[in-house]
Amino acid sequence: MHLEGILWGAAAMLSWGVADFISRSIAHRIGVLNTSLLIQAIGIALPLSFVTVAYVDGSAPAVDWGAVAVWAPLSAAFLGGGYMSFYTGMHRGAVSVVSSASSAWLAVTVIAAVVLFGERVSVGQGLLLAVVLTGILTLSAQPTTRTGASSGLLYGLGATVGLGMALAFLDKVTEAAGPMLAVLLVRTLSVVPTFLLITARNEGVRLPKWGVGLLLLGVAGLLDAGGFISFNLGVDAAPIALVAPIASAHPVATVALAVILIRERPRSLQWAGAVITVAGVIALSSMNGG
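Residues numbered from 1 in each chain as written. Predicted model: local features only at pLDDT ≥ 70, side-chain atom pairs only at ≥ 80, totals over all residues. Heavy atoms only, no water.

**A look at the pattern of salt bridges**
This structure, assessed with the given rule, holds two salt bridges. Taking the shortest distance from any N to any O, the salt bridge between aspartate 224 and arginine 187 comes out at 2.9 Å. In this pair, aspartate 224 sits in helix α10 (residues 211–237) while arginine 187 sits in helix α9 (residues 179–200), placing the two residues 37 residues apart along the sequence. Residue class for arginine 187 comes out buried when judged on its relative accessible area of 3%. A salt bridge links arginine 201 to glutamate 203; its shortest N-O distance comes to 3.8 Å. (Salt bridge = Lys/Arg side-chain N within 4 Å of Asp/Glu carboxyl O. Helix = DSSP H or I, 4+ residues; strand = E, 2+ residues; numbered from the N terminus. Buried < 20%, exposed > 50% of the residue type's maximum accessible area, 1.4 Å probe, protein only.)

Set out below in structure tokens:
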């Protein structure tokens, strides 16, 4: 039954979904760039602990540092850009639209694997990519929600490209360094472009000034990293074809929180686009994993 893998996949889904929602509240108070920077920085703690233990007990894998030097900076650059685009969309647009659109990163990862690394796409995968594109086009049909607020779709698409390319290159880093060290290196490097942009704008790094804000920031950072760790543990305990579809449903948790807690009201066509996109991504992750 692979119950352990299913539970880890569900943990990843909930971790990412809740972290995405919390980040919206933080971005409203300290800005998008600071939110992106601090959540990524906090998220370094979990993979760092795993890597430290592995080196202490001698179980750390051999590392191809030449390959790491090529792929890790590429993955980090796209990851940093993807995070900034995502948090900007969550700050300025509709959570339901941005979260659903950004979930299509998997489609970008598959396409990148085909174009850059020579992998092949089956007929079924091609059809599901078309389904995801249909969902995105449906989301874009109406640029505002029922309240007249911007949908934030373009930021969601920016996050899709950034995260999709980052994870395509992360796969190469993982081959060279193992899963935990790969996550640690890429997440650490991904802080750099955000920090440089903050410095160039003379904004300075800012923390929330209120106690609850600091708590939420810490929770979001740990949940975000916890999603990566849970996913890795899940695929170690069960086939990725079983774990990936569960984990990739994280926009469901984010959208549910947006509807319940902040009374977000997407338009009917936006609901349809969100359902089509997320369903297509879940199906694609299952087929891609198999």
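**Things to note about the environment of phenylalanine 169**
Looking at the element boundaries, phenylalanine 169 is found in helix α8 (residues 153–177). For phenylalanine 169 and leucine 74, which are 95 residues apart along the polypeptide, the C-alpha to C-alpha distance reads 6.8 Å. With residues near it in sequence (within four places) discarded, phenylalanine 169 still touches Trp71, Leu74, Ser75, Phe78, Leu116 and Phe117. (Contact = heavy atoms within 4.5 Å.)

**Concerning the packing of aromatic side chains**
A complete count under the given rule lists six aromatic pairs for this structure. With centroids separated by 5.6 Å and ring planes inclined at 70°, the aromatic side chains of phenylalanine 86 and tyrosine 87 adopt a geometry described as edge-to-face. Considered together, phenylalanine 86 and tyrosine 87 belong to a single accessibility category, that of buried residues. Measuring from ring centre to ring centre gives 6.3 Å for phenylalanine 117 and phenylalanine 169, while their planes differ by 80°; the resulting arrangement is edge-to-face. With phenylalanine 117 in helix α6 (residues 105–117) and phenylalanine 169 in helix α8, this pair connects stretches of sequence that are 52 residues apart. For phenylalanine 117, a relative accessible area of 24% corresponds to the partly exposed category. Each member of the aromatic cluster is reached from another via a ring pair, and the members are Trp71, Phe78, Phe117 and Phe169. Above the face of the phenylalanine 117 ring, lysine 172 is positioned so that its terminal group lies 4.6 Å from the ring centre. (Phe/Tyr/Trp six-rings, centres within 6.5 Å; stacked < 30°, edge-to-face > 60°. Lys NZ or Arg CZ within 6 Å of the ring centre and 35° of its normal.)

**Notes on the layout of surface pockets**
If you add up the space inside the largest pocket, you get close to 1,100 Å³. For the largest pocket, the lining is made up of 41 residues, of which Trp105, Leu106, Thr109, Leu167 and Phe231 are closest to its centre. Each residue belonging to the lining of the largest pocket can be placed in one class, and the counts come to 24 nonpolar, 11 polar and six charged. Of the volumes computed, that of the second largest pocket is approximately 210 Å³. Elements with a minimum of two residues in the lining of the second largest pocket: α3 (45–57) and α9. Here the element with the most residues in the lining of the second largest pocket is α3; it accounts for six residues. Of the residues belonging to the lining of the second largest pocket, the class tally is 12 nonpolar, two polar and one charged. (1 Å grid on protein atoms, 1.4 Å probe; cavity = no way out; pocket = protein on both sides within 12 Å on 5 of 7 lines; lining within 4 Å. Points joined across faces, edges and corners; volume = space filled by probe spheres on them. Nonpolar A, V, L, I, M, F, W, Y, C, P; charged D, E, K, R; others polar.)

**Considering the packing of helix α5 (residues 95–102) against helix α12 (residues 250–261)**
The contact between α5 and α12 brings their axes to 9 Å, and the two run at 175°. As the angle between them shows, α5 and α12 are arranged roughly antiparallel. Taken together, the residues of α12 that come into contact with α5 (itself represented by Val95, Ser96, Ser99 and Ser100) are Pro251, Thr254, Val255 and Ala258. Its residues placed into classes, the contact of α5 with α12 shows four nonpolar, four polar and no charged. (Axes fitted to C-alpha atoms, helices over the stretch in contact; angles between N-to-C directions. Parallel < 35°, antiparallel > 145°, perpendicular 65-115°, else oblique.)

**Some details on the nonpolar core**
Ranked by size, the top nonpolar core spans 62 residues in total, and within it Leu139, Val186 and Leu284 carry the most contacts. In terms of residue count, helix α4 (residues 65–92) provides more of this core than any other element does, 10 residues in total. In contact with valine 186, other than residues within four places in its own chain, are Ala72, Ser75, Ala76, Leu79, Leu170 and Val173. Ranked by size, the runner-up nonpolar core spans five residues in total, among them Val108, Met165, Ala168 and Phe169. (Core = buried A, V, L, I, M, F, W, Y, C linked by side-chain atoms within 4.5 Å.)

**With respect to the confidence of the model for the protein**
Confidence in the prediction for the protein averages 85 pLDDT; 94% of positions are at 70 or higher. In the model of the protein, helix α11 (residues 240–247) stands out as the element of lowest mean pLDDT, 71, in contrast to α4, which has the highest, 93. (pLDDT = per-residue confidence, 0-100.)

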